[in-house]
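Overview (structure and organization)
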Amino acid sequence: MEVIAWGTRGSLPVANPGMVQTGGNTTCYEVRSTCLPPGVHVVVDGGTGFLPFATEALRLKMTELHLFHTHYHHDHTQGVLIAPPIFMQQLGMHIYGTKDRSFGPKQVYERIMEPPFHPVSFGAIAQHICFHSIEIPPTRVILIHPIGGQHILEKERFLHLQTEKKQIPFGHGQAYPLDECLVILMHWTEHPERTITFRFEERSTGSVFVLLTDEEVRAGLPTSLIEFLTGASLLIQDVQYSQEEYERGGKAGFGHGTPEYAVRLARATGIERIGFTHHDPHSADDRVSALVTEGQALLKIGETLELFACKDYDRYEI
Ligand SMILES: [Zn+2]
Ligand SMILES: [Zn+2]
């Protein structure tokens, strides 16, 4: 599995000579896997990093796109509105997200593309898009198989088939082994809006990637969150603020994380590799690296946790 960071900035896209190393595109992470059918691309969030993602995916002759939304704040949707895929009627496009205050992904795009906010109306372009509104994400599992394509299952049924070691029925009488699938699991984050964290399991290799963004520091760690994160080969986590900014700078309650929270989660889950993301629009490159140093300073002798700052266009092999 390979993860590509097309956008790592939080809240607002930025361009500044002091931020060149980190980059200024807002959230967009691509997941590449040998479990995907040829021409199929998977991406989480459509911040302004979605534009370079789409440019590269189209250069690679993308025929189908699966876009997973953690939530619908502008820094996670803005790139979709201006990049080519949404206008390409011949492209198979799936957009997934939860329902927040009666807004599923379809209603969100209808609203943010309404005149006078957007030059092209949603109705004129949306025919090629299949929207998946997932009411209670932890109760569903999304599977993608290199031949079978995409399938959504109830989690309970998925767990039953997994325990029984049965093949997964993809419809039309076709069933495929689970260990050939990319399995996508979902859990709530604490933003506190209805926000999803996605876990990608490449069953053919055992590689696991979790993106935990727009997650507020939690005082206690719920068992369900620990279970959801455990086993991740790579966790990319929202670390927008330092402990000082969070505790004394008025940033508590803004829905974002700190290095201390990342280290605490690593200790609770056994995760050994964490990339910091959702960099503050005010954070120049030195501030971003200082957050990594702050996290490393918390490690005890013998702890081998690898911490790093995600940067636009970086690629992580898992
Ligand atoms: Zn955000
Ligand atoms: Zn947000």
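Quick caveat: nothing in here was measured; it's all calculated off a predicted structure. Each chain has its residues counted from 1, running along the sequence as written. Chain labels run from A onward and ligand labels from 1 onward, assigned in the order the entries are written. With pLDDT at 70 or above as the cut-off, local features in this predicted model cover only qualifying residues; side-chain atom pairs require 80 or more to be listed or tallied, and sums for whole chains, interfaces and linings still use all residues. Side-chain metrics in this entry use all non-hydrogen atoms of the structure; hydrogen atoms and water are not considered.

Digging into the sheet that holds strand 2 (residues 28-32)
Two strands qualify as a pair provided that DSSP identifies no fewer than 2 bridges between them. Working definition: helices are DSSP H or I runs of at least four residues, strands are E runs of at least two. Numbering for both runs from the N terminus. With respect to topology, 7 strands assemble into an open sheet ordered 6-5-4-3-2-1-17, the strand pairing being mixed. Each having just a single partner strand, strand 6 (129-134) and strand 17 (315-317) make up the two edges of the open sheet. Pairs of neighbouring strands in the sheet enclose a mean axial angle of 20°, with direction left out of account. Two elements, strand 4 (residues 64-68) and strand 5 (residues 92-98), share 5 bridges in a ladder whose sense is parallel. Its bridge partner being in strand 5, Leu67 is matched across the sheet by Ile95. Axis geometry follows a simple rule: fit a line to the C-alpha atoms, using only the stretch in contact for helices, then measure angles between N-to-C directions, giving values from 0 to 180 degrees.

Some details on the nonpolar core
We call a set of buried Ala, Val, Leu, Ile, Met, Phe, Trp, Tyr and Cys residues a nonpolar core when their side-chain atoms join them within 4.5 Å. Accessible area is worked out with a 1.4 Å probe on protein chains only. A residue is then buried under 20% of its type maximum, exposed over 50%, and partly exposed in between. Within the largest apolar cluster, 37 residues are counted, with the highest numbers of intra-cluster contacts made by Leu143, Phe158, Ile168, Val183, Leu229, Ile274 and Phe276. Looking at which element gives the most residues to this core, the answer is helix 7 (residues 259-269), with 5 residues. Core analysis: the second largest hydrophobic core is formed by 29 residues, Leu81, Ala83, Val108 and Phe131 among them.

Describing the layout of surface pockets
Cavity means a closed set of points on a 1 Å grid over the protein atoms alone, one where a 1.4 Å probe fits but cannot get out, pocket means an open set with protein on both sides within 12 Å along at least 5 of 7 lines, and lining means a residue has an atom within 4 Å of a point. Grid points are joined across faces, edges and corners, and a volume is the space filled by probe spheres set on the points. Within this model, the largest pocket holds a volume of roughly 230 Å³. In this structure, the largest pocket is lined by His71, Tyr72, His73, His74, Asp100, Arg101, Phe103, Val108, Arg111, Ile112 and Glu193. Each residue gets one label: Ala, Val, Leu, Ile, Met, Phe, Trp, Tyr, Cys and Pro are nonpolar, Asp, Glu, Lys and Arg are charged, and the others, such as Gly, are polar. For the lining of the largest pocket, the class distribution of residues is 4 nonpolar, 3 polar and 4 charged. Volume-wise, the second largest pocket comes out at about 160 Å³. Lining of the second largest pocket is provided by 14 residues; of these, Lys155, Leu159, Leu185, Glu227 and Phe228 occupy positions nearest its centre. In terms of residue class, the lining of the second largest pocket is built from 6 nonpolar, 3 polar and 5 charged.

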